[in-house]
Amino acid sequence: QVQLVESGGGLVQPGGSLRLSCVASGFTFSSTAMSWYRQAPGKERELVAGISVPGGLTNYGDSVKGRFIISRDNAKNTVYLQMNSLKPEDTAVYYCKAAVALGGWRQYDYWGQGTQVTVSS
């Protein structure tokens, strides 16, 4: 059973920082690309950051580039999202996603339940 458990969300003032964690189980984490998405009320779910299997390749959504950093620790089956210089518009539920390889050519996206990040003064 694939499981993705996010943690680290909470309330923070503008300009502050948070570090989100996503602990994975039920698949071979070290061979799976991981990413973070977020969804704010009234908005579509959007890509925040992605990281490759070896961790050397990353990509970021335009709105967070230069402020957020994605990383992974394969020994701990964990992907992180360091969020700095937070803005009110960063307020959203943040979701961890695993692109899990299935038998044959198939892949399937698994999602965590999300963690709420609220940026407010």
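Student: Break down the pattern of salt bridges for me, citing the residues and quoting the values.
Tutor: Per the stated rule, a full pass over the model turns up five salt bridges. A salt bridge links R38 to D90; its shortest N-O distance comes to 2.9 Å. Here R38, found in strand β4 (residues 33-39), pairs with D90, found in the loop between β8 (78-83) and β9 (92-101); they are 52 residues apart in sequence, far enough to count as distant. R38 gets classed as buried once you look at its relative accessible area, which sits at 4%. Using a relative accessible area of 0% as the deciding quantity, one classes D90 as buried. For R67, the salt bridge is made with D90, and the minimal N-O distance between the two is 2.7 Å. Of this pair, R67 sits in the loop between β6 (58-60) and β7 (68-73) while D90 is found in the loop between β8 and β9, placing the two residues 23 residues apart along the sequence. Residue classification places R67 among the buried residues on the basis of a relative accessible area of 11%. Three or more residues joined by partner-sharing salt bridges are found here, namely R38, E46, R67 and D90.

Student: How would you summarise the packing of aromatic side chains if you had to cite specific residues and measurements?
Tutor: Taken as a whole and assessed by the stated rule, the structure comprises four aromatic pairs. With centroids separated by 6.5 Å and ring planes inclined at 85°, the aromatic side chains of Y95 and W111 adopt a geometry described as edge-to-face. One end of the pair, Y95, is in strand β9; the other, W111, is in strand β10 (residues 107-111), with 16 residues separating them in the sequence. Its relative accessible area of 15% is what places Y95 among the buried residues. Through pairs of rings, three or more aromatic residues link up here, namely Y37, Y95 and W111.

Student: I'd like a rundown of the nonpolar core, residues and numbers included.
Tutor: Ranked by size, the top nonpolar core spans 30 residues in total, and within it F27, M34, W36, V79, L81, M83 and Y94 carry the most contacts. Elements supplying a minimum of two residues to this core: β3 (18-25), β4, β5 (46-51), β7, β8, β9 and β11 (115-119). Counting residues per element, this core draws most heavily on β9, at five residues.

Student: Describe the sheet that holds β3, listing the residues and the values that go with them.
Tutor: Ordered in space as β1-β3-β8-β7, the four strands form an open sheet in which the pairing is antiparallel. At either margin of the open sheet sits one strand with a lone partner, and together these are β1 (3-7) and β7. Taking each pair of neighbouring strands and ignoring which way they run, the sheet shows an average axis angle of 15°. When β7 meets β8, the two strands line up antiparallel, connected through six bridges. Looking at β8, one finds that S71 is bridged to Y80.

Student: Describe the state of the cysteines, with residues and values.
Tutor: For the structure on display, the rule yields one disulfide. Between the sulfur of C22 and that of C96 lies a disulfide, 2.1 Å long from S to S. Disulfide C22-C96: torsion about the S-S bond near -80°, hence left-handed. Of the two residues, C22 is situated in strand β3 and C96 in strand β9; the sequence distance between them amounts to 74 residues. Neither C22 nor C96 differs from the other in exposure class; each is buried.

Conventions used here
Residues numbered from 1 in each chain as written. Predicted model: local features only at pLDDT ≥ 70, side-chain atom pairs only at ≥ 80, totals over all residues. Heavy atoms only, no water. Salt bridge = Lys/Arg side-chain N within 4 Å of Asp/Glu carboxyl O. Helix = DSSP H or I, 4+ residues; strand = E, 2+ residues; numbered from the N terminus. Buried < 20%, exposed > 50% of the residue type's maximum accessible area, 1.4 Å probe, protein only. Phe/Tyr/Trp six-rings, centres within 6.5 Å; stacked < 30°, edge-to-face > 60°. Core = buried A, V, L, I, M, F, W, Y, C linked by side-chain atoms within 4.5 Å. Pairing = 2+ DSSP bridges. Axes fitted to C-alpha atoms, helices over the stretch in contact; angles between N-to-C directions. Disulfide = S-S within 2.5 Å.

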